[in-house]
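# A look at the structure
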Amino acid sequence: MADRVVRTVCSPNCSGTCGINAFVKDDKIIKIEPASFPEPGFERICIKGIAMAMQRIHHPDRLRYPQKRVGERGEGRWQRISWEEAFASIGQRLASAREQYGAPANAWMTMSGNYGFKATTTPERIANCLGGSVFSHGGMMGDLSCAMGYLPTLGVGSTANDLADLPKASHVFIFGRNPADTDHSEMRFLFDAMEAGVKLTVIDPRFSRTAAKADAWIAPRPGTDGALVLGMISHIIEQGWIDEPYLLRYTNAPFLVNDATGALLRGAEVGLEDKEAYVVWQDGAPLAASDAAAPELCGRFEIPLASAETLVCRTSFEVMLQVWSEYSVEAAAQICEVEAESIRGLARDYAMAERAWLWAGAGPQRYHHGHLAHRAYVTLGALCGNIGKAYAGVNCLDGAHMRLAFNPPQAWVSPEGKKGQSLPGVHMLDIISSGNPQPIKSLWLSSYGFATQSPNFQRFVNEALPQLDLFVVSEQMMTPAAQYADFVLPCVSYYEEEMDLVAGGEHWYLQLRQRAIEPVGESLNDYEIFGGVCKAMGEGEHWQMSNEEVCQFVLENHADPAINGIDWHTLREALVAEVKLPRPYVPLGDKQFPTPSGRIELYTEQLREMGEAVAIYREPLEGNRSACAAQFPLTLLSHKHVHSAHSTHMMLPWVKEMVPEPLLDMHPQDAAERQLQDGDWARVWNDRGEFEVRVCVTPGIKRGVISVPQGFWQGAFRKGHHAELGHIVRNDVQEAVIETNYPVWDIAVQVARA
């Protein structure tokens, strides 16, 4: 029998953020069950969470005490030290680097291994308090291309309907997403939808577990989703299925574009009273867009100017039509390696659906030009009037976590206005290795399995690490990256956290995490660790609040009324509260778009000089039609799977029982050409690295594509690791919007028998 039952929260980067009832006996968890929520449908549990509670907390390799390196980096020789010594030694080195190189020489970087608010935001907080640098993590996650397709057009980084509303759609179109494995907590709502008669179409090069449940599966060539959607758009326009009133009222499609410059016309150029107004054509003359009731959607016009010159212009939509003429259905079919009739059918299904719910995953964005896929999704949604429409929309990611953690109270992250600086994490290796734009002499990682989840770890070891005077890792296990640290500091698991706010990754509940058991060994949470260092440096004035006081302060001072509208005392007692939103929740339902024009900007003026004023398609950097394809003809994917959130759970015995080793999915024809059979060892390589793995021959993957499950640690492969084959190449358009996105799947390789 348990001594007590504690409601807490499991929050790895699976986005489920499941409420958990932990049954505790003698300060050990003996079982866990799903916790209740105010409404049914959110009680869930999975093998990851069970194994985390039962096997990771007291794992033999669990870090229990602060450790200091006593051998060479990577040698694996450690000395146990006290927290006092750890805080003092690290603080002294931070102070020394600050004195010699300036405060920004000390840098922090976190990732998404813990969805708790403190874990997510305290690295930025300590960087600000000490005037240091914080490396951004969105680009290194490979998750920024969605935002870089949304921001220029919609003015927001991402939106999504409430997934519990899936049964109210009429047809769901999933592009490059596998919720059966990666959103399995929400998969029940998709099953509910299908039982209610909602149609499901999955677009994915892999026959995923989600595709196996779909009414239709379309397998495009990797990285060509943008061309597929542009082919759909071509057919929709040809058939007259666009929502013209929507385009005229809510998009900048009718705005006039200067033929000579590509810039949108302003009132001053054509003598209008409102000199800053965007201009349309109505009743044979230019007019301020805000005054127009029935502007032209298409057309080319000549406007006589006072200077006796003639200004030639076209509507934005006319420009789009000219650009999109390259993407006929047949052209798109040739690019995507999908039958033309399949594209026509997909276009018809989307345009004719009463409530077309487009659900975009991370897959399409993880190519060098991945933002263009999301740009195409937004364009398709707008052309059919689906953005801001209930149970439809262009959905990527949304939930209470984005409200809570992505826009935290400034009084929390920047106490008394203290500010450090942000550096692009995707360029971290270049910045550290070169010392440009400034030297970085210390790096502190938290919630980040850096060695397995980022490319070129060996480059970090060989080029960046020698430039660092201090490398600190906060961890629960001695990961491959932690092996190279100067100090490894033990942090608590979800079940040992004294208190934290945890908001839904893809649902609209805020939960208060409670401690279920005492910390293992001398483990502390990130707030306590960073606060201990600041106090040792004599700068601890902003780290005096208790864990509970932090949670109350953040809730009551949050800028978002959906968050601060939750009463602290009510949350403290109930431990879960709904983030109050209008129901049904319709993202951008008020049609008030935070763009320069206040409309959906299908024509993006600021990107015109980069050739991306409108949605277009660009080939993957290392696709099978690229220059390197002759030597490396296959595209390497690294798919997520249901058994682990990235690398977090891969060392746990129950997870190992289900996935004892990584297997390389390969199409039968690709395998036969290389004389490979099921279970054979294969060498996978390119000019950056190699690994060896057993082959799984399957028709469930497109020819020319191979895929390995991600998250396995380096020792799981007979040789090497798939992350070493990755790369990051600067993308100027993405840099102009935010920063380059790590193209996780834009990787060309060759395979042979090992």
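Residues numbered from 1 in each chain as written. Predicted model: local features only at pLDDT ≥ 70, side-chain atom pairs only at ≥ 80, totals over all residues. Heavy atoms only, no water.

## A short note on the overall build of the protein
Along the backbone of the protein there are 25 helices and 31 strands. For a compact globule of 754 residues, the expected C-alpha radius of gyration is about 27 Å, and the protein comes in at 27 Å, within 12% of that figure. The principal-axis extents of the C-alpha atoms in the protein amount to approximately 80 × 65 × 55 Å. Across the 754 residues that make up the protein, the buried fraction comes to 63%. Of all intrachain contacts in the protein linking residues separated by at least 6 positions in sequence, the fraction that spans at least 24 positions is 73%. Total accessible area on the protein is roughly 27,100 Å²; 48% of this is exposed by carbon and sulfur atoms. The averaged location of the 92 negative side-chain charges in the protein is 5 Å from the averaged location of its 66 positive side-chain charges. (Helix = DSSP H or I, 4+ residues; strand = E, 2+ residues; numbered from the N terminus. Rg over C-alpha atoms; globule rule 2.2 N^0.38 Å. Buried < 20%, exposed > 50% of the residue type's maximum accessible area, 1.4 Å probe, protein only. Contact = heavy atoms within 4.5 Å. Areas by Shrake-Rupley, 256 points an atom, 1.4 Å probe, with all protein chains shown as cover. Lys, Arg positive; Asp, Glu negative; His and termini not counted. Charge placed at Lys NZ, Arg CZ, Asp CG, Glu CD.)

## Topic: the state of the cysteines
In total, this model carries 0 disulfides according to the counting rule given. For Cys-18, which is in no disulfide, the shortest distance to another cysteine sulfur is to Cys-14 and amounts to 5.9 Å. Here Cys-313 stays free of any disulfide, with the sulfur of Cys-298 as its closest cysteine sulfur at 14 Å. In this structure Cys-313 comes out as buried when scored by relative accessible area, which is 0%. (Disulfide = S-S within 2.5 Å.)

## A short note on the pairing of strand 20 (residues 470-475)
By the criterion of burial, strand 20 is predominantly enclosed, with 6 of the 6 residues buried. Judged by which residues are buried, strand 20 turns out to be covered on both faces: Leu-470, Val-472 and Ser-474 on one side and Phe-471, Val-473 and Glu-475 on the other are all buried. As paired elements, strand 19 (residues 442-446) and strand 20 share 5 bridges and run parallel to each other. When the sheet's bridge partners are listed, Ser-442 is paired in strand 20 with Leu-470. Summarising the sheet, strand 20 and strand 21 (residues 487-490) pair through 4 bridges and their orientation is parallel. Looking at the pairing, Ser-474 lines up with Leu-489 of strand 21. (Pairing = 2+ DSSP bridges.)

## A word on the nonpolar core
One broad rule of soluble globular proteins: the nonpolar side chains tend to lie buried together. Residues Leu-154, Phe-175, Phe-317, Trp-324, Ile-387 and Ile-600 are the most contacted members of the largest nonpolar core, which totals 72 residues. Of the residues forming this core, the biggest block, 8 residues, is contributed by helix 13 (residues 370-383). Dropping the residues within four chain positions of it, Trp-324 is found in contact with Leu-230, Ile-233, Ile-237, Phe-317, Thr-379, Leu-383, Val-614 and Ala-615. Trp-412, Cys-491, Ile-563 and Trp-568 belong to the second-largest nonpolar core, a separate cluster that totals 50 residues. (Core = buried A, V, L, I, M, F, W, Y, C linked by side-chain atoms within 4.5 Å.)

## Section: helix 11 (residues 329-336)
Every buried residue belonging to helix 11 is among Val-329, Ala-332, Ala-333, Ile-335 and Cys-336, and all of these are buried. For helix 11, the angular spread of the buried residues around the axis is 165°, confining them to a single face. Where helix 11 is buried, its residues contact helix 8 (225-238) and helix 12 (340-352). Downstream of helix 11 by a residue or two, Glu-337 has a phi angle that is positive, lying close to 60°. (Arc of directions from axis to C-beta.)

## Brief notes about the packing of helix 8 against helix 12
Relative orientation of the contacting elements helix 8 and helix 12 amounts to 70°, with a least axis distance of 9 Å. Relative to helix 12, the element helix 8 is oriented roughly perpendicular. Between helix 8 and helix 12 the crossing geometry is right-handed. The segment helix 8 lies against helix 12, with Leu-228, Gly-231, Met-232, His-235 and Ile-236 engaging Ile-343, Arg-344, Leu-346, Ala-347, Tyr-350 and Ala-351. Within the contact of helix 8 with helix 12, the residues separate by chemical class into 8 nonpolar, 2 polar and 1 charged. (Axes fitted to C-alpha atoms, helices over the stretch in contact; angles between N-to-C directions. Parallel < 35°, antiparallel > 145°, perpendicular 65-115°, else oblique. Left-handed = near helix turned anticlockwise from the far one by under 90°. Nonpolar A, V, L, I, M, F, W, Y, C, P; charged D, E, K, R; others polar.)

## A few points about helix 3 (residues 117-129)
Over its 13 residues, helix 3 extends 18 Å from the first C-alpha to the last, a length consistent with the 18 Å expected when each residue adds 1.5 Å. For helix 3, a buried count of 12 out of 13 residues is recorded, marking the element as mostly surrounded by other parts of the structure. Among all positions in helix 3, only Phe-117, Lys-118, Ala-119, Thr-120, Thr-121, Thr-122, Pro-123, Arg-125, Ile-126, Ala-127, Asn-128 and Cys-129 are buried. Looking at the residues trailing helix 3, positive phi occurs at Gly-131, about 70°. (Expected span 1.5 Å × (residues − 1).)

## Examining unusual backbone geometry
With an omega dihedral of 15°, the bond running from Asn-436 to Pro-437 counts as a cis peptide bond. Within the element layout of this structure, Pro-437 appears in the loop between helix 16 (428-434) and strand 19. Following Arg-583, the chain continues to Pro-584 via a peptide bond in cis, the omega torsion being 0°. As for its placement among the helices and strands, Pro-584 is situated in the loop between strand 24 (576-578) and strand 25 (634-637). With phi around 60°, Tyr-391 is a residue other than glycine that occupies positive phi space. Mapped onto the secondary structure, Tyr-391 falls in the loop between helix 13 and strand 17 (394-395).

## Examining a negative patch on the surface
On the surface, a cluster of negative charge is contributed by Glu-273, Asp-274, Glu-276 and Asp-291. Residue placement: Glu-273 occurs in the loop between strand 11 (256-258) and strand 12 (279-282). (Patch = residues over 30% accessible without salt bridge, like charges linked within 9 Å, V, L, I, M, F, W, Y side chains within 5 Å. Salt bridge = Lys/Arg side-chain N within 4 Å of Asp/Glu carboxyl O.)

## Some details on the pattern of salt bridges
Going through the model one piece at a time under the given rule, you end up with 48 salt bridges. For Arg-572, the salt bridge identified is with Glu-548, shortest N-O distance 3.0 Å. Of this pair, Arg-572 sits in helix 22 (residues 568-574) while Glu-548 sits in helix 20 (residues 547-557), and the two are 24 residues apart along the sequence. Arg-572 gets classed as partly exposed once you look at its relative accessible area, which sits at 28%. You can call Glu-548 partly exposed: its relative accessible area is 31%.

## Quick notes on the sheet that holds strand 9 (residues 199-203)
Read across the open sheet, the 5 strands follow the order 10-9-8-16-17; overall the sheet is parallel. Strands with a single pairing partner mark the edges of an open sheet, and in this sheet they are strand 10 (216-218) and strand 17. Taken together, the 2 bridges between strand 16 (residues 356-360) and strand 17 define a ladder with parallel strand orientation. When the sheet's bridge partners are listed, Trp-359 is paired in strand 17 with Asn-395.

## Here's the deal with the sheet that holds strand 3 (residues 28-34)
Pairing within the open sheet is antiparallel, and its 3 strands lie in the order 1-2-3. Looking at which strands have only one partner, the edges of the open sheet turn out to be strand 1 (4-10) and strand 3. Strand-to-strand twist across the sheet, computed as the mean angle between neighbouring axes with direction ignored, equals 35°. Sheet topology note: the strand 2 (residues 18-25)/strand 3 ladder contains 6 bridges and is antiparallel. Bridge assignment links Phe-23 to a residue of strand 3, and that residue is Lys-31. The sheet strands contacting helix 1 (residues 47-56) are strand 1 and strand 3, and the helix crosses strand 3 at an angle near 165°.

## Considering the side chain of Thr-210
Position of Thr-210 relative to the elements: it lies in the loop between strand 9 and strand 10. Since its relative accessible area comes to 0%, Thr-210 is described here as buried. A polar contact of 2.6 Å, which involves the side chain of Thr-210, links it to the side chain of Asn-178. In this structure Thr-210 touches Ile-174, Asn-178, Pro-179, Ala-180, Met-187, Leu-190, Leu-200 and Val-202, once residues within four positions along its chain are discounted. (Polar contact = N/O pair within 3.5 Å; in protein donor to acceptor, adjacent residues only side chain to side chain.)

## As for the side chain of Asp-225
Topologically, Asp-225 is positioned in helix 8. Every residue in contact with Asp-225, bar those within four places of it in the chain, is listed here: Phe-175, Ile-203, Pro-364, Ala-373 and Tyr-377.

## As for the packing of aromatic side chains
Aromatic ring pairs: the centre-centre distance and the angle between the two ring planes describe each pair. On inspection of all chains with the given rule, the structure shows 25 aromatic pairs. Consider the rings of Phe-37 and Phe-42, whose centres lie 6.0 Å apart with planes at 45°: the pair is tilted. Judged by relative accessible area, which is 8%, Phe-37 ranks as buried. On the numbers, 5.2 Å between centres and 70° between planes, the contact of Tyr-448 with Phe-450 is edge-to-face. Phe-450 shares its class with Tyr-448; the two are buried. Connected via pairs of aromatic rings, a cluster forms that spans Tyr-448, Phe-450, Phe-457, Phe-460, Phe-471 and Tyr-484. In this structure, Lys-441 packs its charged tip against the face of Tyr-101, placed 5.3 Å from the ring centre. (Phe/Tyr/Trp six-rings, centres within 6.5 Å; stacked < 30°, edge-to-face > 60°. Lys NZ or Arg CZ within 6 Å of the ring centre and 35° of its normal.)

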